[in-house]
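Architecture at a glance
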Amino acid sequence: MAPLTALMLAAALPACAGLDDLEGTLREAAGRVKEDLAASRQASSAGERPQAQELFPCPPESSGAPKLATADFHWDYTLPEMLAAFEKTYASDKRLGARAYWNPGQRRYELPYEQSRGGAVVLPARLIASVARHIEAAFAADYIDAVFFPDMGHSHLLIPQELWKKTYDPYPVDKFSRLYEAMFDDPRVEVFYHTAEQLKMLEPDKSLVADERVRWRHKTRNIAGLNTPDAELKVLQNPESNANTVHEVPGYFWWGGGFNFSANKDGCFAYRAKGKTYRFDISLYDLGE
């Protein structure tokens, strides 16, 4: 069995565990993770796709709940402005619309999706762990500063061409929910992220701004990692783009309709950065106007 990682234990902890009972809480969390891993192996042999138990309160979005929108952000943030916007967004009641939720009857996370395309998408534990790992690895490598749309907050999928042709291209539109489930549970798929999305990196003449940190962000703004919870990130470049924006990768089919994610105090999932645990949401839909 793979060792229990700090991320797995942190994600299994209750949202407000106290210091006095930390040791007991850690033992309990470790026990839950071991049970989930054992259940996963048993269910996999039976051809099932289990989920871990609900880690944080994660109900479906309520009617009229405030949603993040493009109007909440703007282009050409300075780095201090972007960091301030992240703190405001994290503390806000506004969250991603159509975000993942816990289905207690099925004991799994699901993503809302159009009925004409197959209905709700089962969100595999693999993708949740992979995204958390990618976020943590991006912070560790100093590739990102915040988890929300203006920085690292949306994704695309890179699928090896032969895998795409053989496995995924045949899916009809009305089965796209099943397509997403299969891609999200495939360790051969890579998740690609454009970062520094709304950070001001260029002057009006298209030259880079005179800030070394921002120049580093420009250089490392395209990152990708395999859909595995221990994936390392790679950095891609596009010297033909002033903003260094990669739109295609040789040898891979580019699936543009990935997922969005954004950190929020009430989010369903967890990542660790800068010595703290943060929570975040995932959605298949872009921000509204």
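Treat the numbers as computed from the prediction; the structure is a model and nothing was measured.

**Digging into unusual backbone geometry**
- For Asp 142, which is not glycine, the phi dihedral falls at a positive 65°.
- Among the residues examined, Asp 142 registers a relative accessible area of 38% and is labelled partly exposed.
- One non-glycine residue, Lys 206, lies in the positive phi region at around 75°.
- Mapped onto the elements, Lys 206 comes out in the loop between strand S5 (190-194) and helix H7 (212-219).

**As for the packing of aromatic side chains**
- For the structure shown, the criterion picks out 25 aromatic pairs.
- When the centroid spacing of 5.4 Å and the interplanar angle of 75° are considered together, the rings of Tyr 90 and Tyr 278 count as edge-to-face. Of this pair, Tyr 90 sits in helix H3 (residues 79-91) while Tyr 278 sits in strand S11 (residues 276-283); the two residues are 188 residues apart in sequence, bridging distant segments of the chain.
- Classification of Tyr 90 by relative accessible area gives buried; the value is 15%.

**Focus: the sheet that holds S11**
- Spatially, the 3 strands line up as an open sheet ordered S9-S11-S10, and their pairing is antiparallel. Single-partner strands in this sheet number two, and they are strand S9 (260-263) and strand S10 (269-273). On average, adjacent strands in this sheet sit at an angle of 35° to one another, irrespective of strand direction.
- Sheet topology note: the S10/S11 ladder contains 5 bridges and is antiparallel.

**Describing the environment of Leu 123**
- Mapped onto the elements of the fold, Leu 123 is located in strand S3 (residues 121-123).
- Along the primary structure Leu 123 and Pro 112 are separated by 11 residues, whereas in three dimensions their C-alpha atoms are 10.0 Å apart.

**Observations regarding the sheet that holds strand S2 (residues 108-111)**
- Ordered in space as S1-S2-S3, the 3 strands form an open sheet in which the pairing is antiparallel. The open sheet has two edge strands, strand S1 (101-103) and S3, and neither has a second partner. Going from strand to strand, the sheet's axes swing by 50° on average, the running direction of each strand aside.
- Sheet analysis places S2 next to S3, joined by 3 bridges and oriented antiparallel. What sits directly across from Tyr 109, in S3, is Leu 123.
- Packing against the sheet, helix H6 (residues 176-184) makes contact with S2 and S3, and its axis sits at approximately 15° to S3.

**Focus on helix H4 (residues 125-140)**
- The terminal C-alpha atoms of H4 lie 23 Å apart, and with 16 residues this matches the ideal 22 Å at 1.5 Å per residue to within 8%.
- What H4 keeps buried is the set Leu 127, Ile 128, Ser 130, Val 131, Ala 132, His 134, Ile 135, Glu 136, Ala 137, Ala 138 and Phe 139.
- Backbone geometry just after H4 places Asp 142 at a positive phi near 65°.

**Remarks on the pattern of salt bridges**
- Taken as a whole and judged by the stated rule, the model has 17 salt bridges.
- For the salt bridge of Asp 72 with Lys 94, the shortest nitrogen-to-oxygen distance reads 2.8 Å. With Asp 72 in the loop between helix H2 (22-45) and H3 and Lys 94 in the loop between H3 and S1, the pair connects residues that are 22 residues apart, well separated along the chain.
- With relative accessibility at 30%, the residue Asp 72 sits in the partly exposed group.
- On the basis of relative accessibility, which here comes to 31%, the residue Lys 94 falls in the partly exposed class.
- Ionic pairing is found between Asp 185 and Arg 126, a salt bridge with its closest N-O pair at 3.7 Å.

**Some thoughts on the pairing of S5**
- Among the 5 residues in S5, 5 count as buried, and that is most of the element.
- The alternating pattern of S5 places Glu 190, Phe 192 and His 194 on one face and Val 191 and Tyr 193 on the opposite face, and all of these are buried.
- Pairing analysis gives 4 bridges linking strand S4 (residues 155-160) to S5, with the strands arranged antiparallel. Directly across from Ser 155, in S5, lies its bridge partner Tyr 193.

Definitions and limits used
Residues numbered from 1 in each chain as written. Predicted model: local features only at pLDDT ≥ 70, side-chain atom pairs only at ≥ 80, totals over all residues. Heavy atoms only, no water. Buried < 20%, exposed > 50% of the residue type's maximum accessible area, 1.4 Å probe, protein only. Helix = DSSP H or I, 4+ residues; strand = E, 2+ residues; numbered from the N terminus. Phe/Tyr/Trp six-rings, centres within 6.5 Å; stacked < 30°, edge-to-face > 60°. Pairing = 2+ DSSP bridges. Axes fitted to C-alpha atoms, helices over the stretch in contact; angles between N-to-C directions. Contact = heavy atoms within 4.5 Å. Expected span 1.5 Å × (residues − 1). Salt bridge = Lys/Arg side-chain N within 4 Å of Asp/Glu carboxyl O.

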